[in-house]
Amino acid sequence: MLKARDWRQWRIRDHLLVFGPALLLAIVAFVVAINFVEPAPPRRIVMATGRPDGAYHQYGLRYQAELAHEGIAVVLRATSGSVENVRLLADPASGVDVAFVQSGVRGTAPPADLVALGSLYFEPFWIFSRSSARTDDMLGLRGKRLAVGPEGSGTRALVELLLNANGVRPNSLDLSPLTGLDAVRALRAGDVDVAVLVASPESSAVREAAIASEVSVMSFPRAEAYSRLYPFLTRHVLPEGALNLERDIPPRDVVLLAAAASLVVRPDFHPGLSDLLLVTATKLHARAGVFERPRQFPSPDFTEFPVSEEALRFYRNGPPFLARYLPFWAASLADRMKIMLLPLVALLFPLFKIVPPTYRWRIRRKIFKWYREVQTADLALAEAQSAESLDRILARLDVAEHEIRQIEVPLGYSDAHYHLRLHFDMVRAKVMAAKNKLGRPAAAHAPEH
């Protein structure tokens, strides 16, 4: 009989022969599936914002705080503005992954396959001038001293775009790099004739310029034409008193043009982070404003750059199902595992159909192959003519039965094992009966142990 140790080794070897190939095939399928799965999202991203005192940088701080709750570290990089942000995104060596970009600057940057996650809010285009230099159209800016922001800013890029559209060349103007509150204060001091701002109505620079009695804001009589020629610009009406009801500022309805602030990323930006940024943008930008309707933003509209496929999916279907109920890291892991498990399930299902019958066949084969000895002995018995030939048959049966006793099978297959031994005993009894008929007592034959 097999010792317990030999029996365990036999079972291990038998299971490996049956289940080993199936396990190997599953591992190969798993490795192949990994090649089609996005890598895990990075835990750190670099976001280009703008001037430290500007709206983009302030929003960057809010994104930084929100994403920190999800385990994502956001490193803010202060810049001169949107033009520099696009250039940084276009340069793979810059390390910048995402940036705030004002519409109207794409043509000033080197060509690159950048994509937008969507627009975030409107940025009205304000032209404030001293009363003595008041103008009702951009054509009237010729020969004036303009504060238009530094090189690389979105404000300067938009001013130059619209001036060129009106045939006013920037080299015919005295352009100052002042922006924000510095530009407004220079305007009030008479150091410049016009201050151009691209900012929300709530910004401190707009508020200070609006309340200054010596300063007026220009209304765009041809705003509809600008919005048709430049789809990233939209026409808005600032109602009388919208900035200050008590002081009735502005004292009349003002027609304004507005660009839009957008989130722009590289084309290889991780799709999981795209969804996370859009969920965060919904928290930060969905409220109503002077020009924004409730839940109007984030939006796939009002951006110069093509909207990414991940973002379009988000706008059509909302956040991924798992992201609505799980933390970001858990939803991301589950999403990646889902992609890997689907082909495995497709492979394992037929394997579950094949492996059990294969295992049963291997166990029964150990038993059924000995039926050839039963059949051979039975046929030899029909042709035996002497006691010697019958003794040879009995000896062969004894050797075979000794081998059969060494077979160890799971309890579920013991019935087949004992049926085989009964059949051996039946043939042996027939051989013994044949010898008795020959008139010679049969020798006692028993299997050796």
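Since we're looking at a predicted model, the values are computed, not measured.

Reading the values: the criteria
Residues numbered from 1 in each chain as written. Predicted model: local features only at pLDDT ≥ 70, side-chain atom pairs only at ≥ 80, totals over all residues. Heavy atoms only, no water. Phe/Tyr/Trp six-rings, centres within 6.5 Å; stacked < 30°, edge-to-face > 60°. Helix = DSSP H or I, 4+ residues; strand = E, 2+ residues; numbered from the N terminus. Buried < 20%, exposed > 50% of the residue type's maximum accessible area, 1.4 Å probe, protein only. Salt bridge = Lys/Arg side-chain N within 4 Å of Asp/Glu carboxyl O. pLDDT = per-residue confidence, 0-100. Contact = heavy atoms within 4.5 Å. Pairing = 2+ DSSP bridges.

A.B. asks: Before we go on, may I ask you to explain the packing of aromatic side chains in this structure?
C.D. replies: The geometry of an aromatic ring pair is captured by two quantities: the separation of the ring centres and the angle between the planes. Scanning all chains against the criterion turns up 11 aromatic pairs. A ring pair is formed by phenylalanine 122 and phenylalanine 302, whose centres lie 5.0 Å apart and whose planes are at 65°; its orientation type is edge-to-face. Here the residue phenylalanine 122 occupies a position in strand S4 (residues 115–130), and phenylalanine 302 occupies one in the loop between helix H8 (271–285) and helix H9 (309–317), the gap between them amounting to 180 residues. Ring centres 5.8 Å apart and planes at 40° place the aromatic pair phenylalanine 125 and phenylalanine 220 in the tilted group. Of this pair, phenylalanine 125 sits in strand S4 while phenylalanine 220 sits in the loop between strand S8 (215–217) and helix H7 (223–229), placing them 95 residues apart in sequence. In this structure, phenylalanine 125 and phenylalanine 220 share a single accessibility class: buried. Cluster of aromatic residues (ring-pair linked, three or more members): Tyr56, Tyr63 and Phe100.

A.B. asks: Just checking my understanding: could you explain the pattern of salt bridges for this structure?
C.D. replies: Any two side chains of opposite charge can pair, given that their charged atoms come close. Per the stated rule, a full pass over the model turns up 11 salt bridges. Here aspartate 193 ties to arginine 145 by a salt bridge, and the two come within 2.9 Å at their closest N and O atoms. One end of the pair, aspartate 193, is in the loop between helix H5 (180–189) and strand S7 (194–198); the other, arginine 145, is in strand S5 (residues 145–147), with 48 residues separating them in the sequence. Overall, aspartate 193 belongs to the buried group, its relative accessible area being 16%. With its nearest N and O atoms 3.8 Å apart, the salt bridge here joins glutamate 208 to arginine 188. Taken as a pair, glutamate 208 in helix H6 (residues 204–211) and arginine 188 in helix H5 lie far apart in primary sequence, 20 residues in all.

A.B. asks: Could you clarify how one ought to interpret the confidence of the model for the protein chain in this entry?
C.D. replies: For any part of a model where pLDDT is low, the fine detail of the predicted coordinates should not be relied upon. A residue-level look at the protein chain finds 76% of positions with pLDDT of 70 or above and a mean pLDDT of 81. Per-residue pLDDT stays below 50 along residues 1–8; that stretch engages in 8 contacts with residues further than four places along the chain or on separate chains.

A.B. asks: What am I meant to see in the pairing of strand S2 (residues 73–77) here?
C.D. replies: Side chains on a regular strand alternate between the two faces of the sheet. By the alternation rule, side chains of S2 split into Val74 and Leu76, which are all buried, and Ala73, Val75 and Arg77, of which none is buried. Judged from the 5 bridges that link them, strand S1 (residues 44–48) and S2 form a sheet pairing that is parallel. Considered in S2, the bridge of alanine 48 is made with arginine 77.

A.B. asks: Sorry if this is basic, but what is going on with the environment of histidine 57 here?
C.D. replies: Relative to the elements of secondary structure, histidine 57 occurs in helix H2 (residues 55–68). Taking the C-alpha atoms as reference, histidine 57 lies 8.6 Å from arginine 77; in sequence the two are 20 residues apart. Not counting residues within four places of it along the chain, the set of residues in contact with histidine 57 comprises Thr49, Gly50, Arg51, Pro52, Leu76 and Ala78.

A.B. asks: What exactly am I supposed to notice about the pairing of strand S3 (residues 98–102) here?
C.D. replies: Counting buried residues in S3 gives 5 out of 5 residues, a clear majority hidden from the surface. Residues of S3 alternate between two faces, with Val98, Phe100 and Gln102 on one and Ala99 and Val101 on the opposite face, all of them buried. Relative to strand S10 (residues 254–265), S3 is paired through 5 bridges, and the arrangement is antiparallel. Looking across to S10, one finds that valine 98 is bridged to valine 265.

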